[in-house]
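Working through the structure, step by step
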Amino acid sequence: MDLKSTNASPVLADPAPMNKSKLGIHGPSFSTTIPRKKPAKLGDVLTNGWLDAMQSSSPPHKRVKDFSIATDEAEVAYQSWIISYPSALNSFQTIMNRARNRKLVVFLDYDGTLSPIVDDPDRAFMSSDMRSTVRNVAKHFPTAIISGRSRDKVSELVGLSELYYAGSHGMDIMFPARDNVKEKGKDVNLFQPASEFLPMISEVFQKLVEITKDIKGAKVEDHKFCASVHYRNVDENSWPVIAQYVHDILNDYPRLRLTHGRKVLEVRPVINWDKGKAVEFLLESLGFSDRDNVLPIYIGDDRTDEDAFKVLKKRDCGYGILVAAVPKESNAFFSLKDTSEVQEFLQCLVRMAHDVDDDAKRTPEPSEYDDDDTD
């Protein structure tokens, strides 16, 4: 929706059927026998920095005698950090001033942004209030969910047909239903730049399931174009073992790479594509390749969202908003503390859109005699 227009931008449904998530514990049988062996050298994951990355993405909870002192210190650190990453709520008018006469486009991560981070990723449900809020946002602005989850799974979790969905970190994008074209009985409105990697990812997924099955708390997910190994519920002493297992498997797949998320190792194709590329692709598909006529807003909490933040920062055409309750370096411009603040910010967008619409309705239509100077 243009901030001076009364015309909402329709965002239509994704008609694809929702599939259940492919969890490692329920995956299909794998015909090739995978030898059970100990990891080659635990030193590998130390020298290549994997273990350091795993630990930095999962800061330990310090035990302190005086909780009030620790709380005060954390708050001081946060208030110092927020000077560099101002609250998007407190800066809302600043954002709207830049949005004047531009089309707003909203991009949202799912886990940690619309839903809280939980131990079981299959139970990361968004609240009904959050769902209602996102639905209202989509009535006024093109709205896309860009997630590391498979597109089918994240669309099932969100449960809104009005949105654009980009799964597997943007490697599986579904266009709106109005753009559906049928070819030989199949939808061809998909953009999947890594489709050639599907057999390889499936093979690696099966190997990861087999090799981690005896590690208590480990969970492997098939996100179609990437595979994830969750270690949130794994004893920290076993983290090096998990990392080395993944390292050993990837040695046989030079066309795949590893990235780190929040207590998750993700195996992805080696292609020049990420959430930032997905944002650029969607903006161009929506007709907003001209940076002067659009203001994209991307809200996310994970390392993978930094790729999108970098794109907006480099293009100087929008705002990245980091969801974080603790200080961290980011390419985002603003911040929000948690999912409740995300919801509040989105509600502010909806109220602003309603106000603009109401003002437009109150503005009288120009008369055909306005320019007539005769008495």
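Read on for an overview of the structure.

Quick notes on the rules
Residues numbered from 1 in each chain as written. Predicted model: local features only at pLDDT ≥ 70, side-chain atom pairs only at ≥ 80, totals over all residues. Heavy atoms only, no water. Helix = DSSP H or I, 4+ residues; strand = E, 2+ residues; numbered from the N terminus. Buried < 20%, exposed > 50% of the residue type's maximum accessible area, 1.4 Å probe, protein only. Expected span 1.5 Å × (residues − 1). Pairing = 2+ DSSP bridges. Contact = heavy atoms within 4.5 Å. Axes fitted to C-alpha atoms, helices over the stretch in contact; angles between N-to-C directions.

One non-glycine residue, N101, lies in the positive phi region at around 65°. Mapped onto the elements of the fold, N101 is located in the loop between α4 (92–99) and β2 (103–108). Of note in the backbone geometry, K263 takes a positive phi value of approximately 55° without being a glycine.

Helix α6 (residues 151–158) sits mainly inside the fold: seven of its eight residues count as buried. Where α6 is concerned, the buried positions are R151, D152, K153, V154, S155, L157 and V158. A positive backbone phi angle near 70° is found at G159, which sits one or two residues after α6.

Right, let's get into helix α8 (residues 239–250). A rise of 1.5 Å per residue sets the reference length of α8, with its twelve residues, at 16 Å; its end C-alpha atoms lie 17 Å apart and thus fit the reference within 8%. When you tally the buried positions in α8, you get eleven out of twelve residues, the bulk of the element. Every buried residue of α8 is accounted for by W239, P240, I242, A243, Q244, Y245, V246, H247, D248, I249 and L250.

Below, the discussion takes up the sheet that holds strand β3 (residues 143–146). Paired through backbone hydrogen bonds, the strands of a sheet run either parallel or antiparallel to each other. Taken in spatial order, the eight strands line up as β8-β5-β4-β3-β2-β13-β14-β15 in an open sheet, and their pairing is mixed. The open sheet has two free edges, formed respectively by β8 (190–191) and β15 (334–336), since each of these has just one partner strand. Alignment of β2 against strand β13 (residues 294–300), held across six bridges, turns out to be parallel. Residue pairing in the sheet places V105 in a bridge with P296 of β13. Helix α9 (residues 275–285) rests against β2, β3, β4 (164–167), β5 (172–174), β8 and β13 of the sheet, and its axis sits at about 155° to β3. Relative to the sheet, helix α10 (residues 306–315) contacts β13 and β14 (319–323), its axis offset from that of β14 by approximately 150°.

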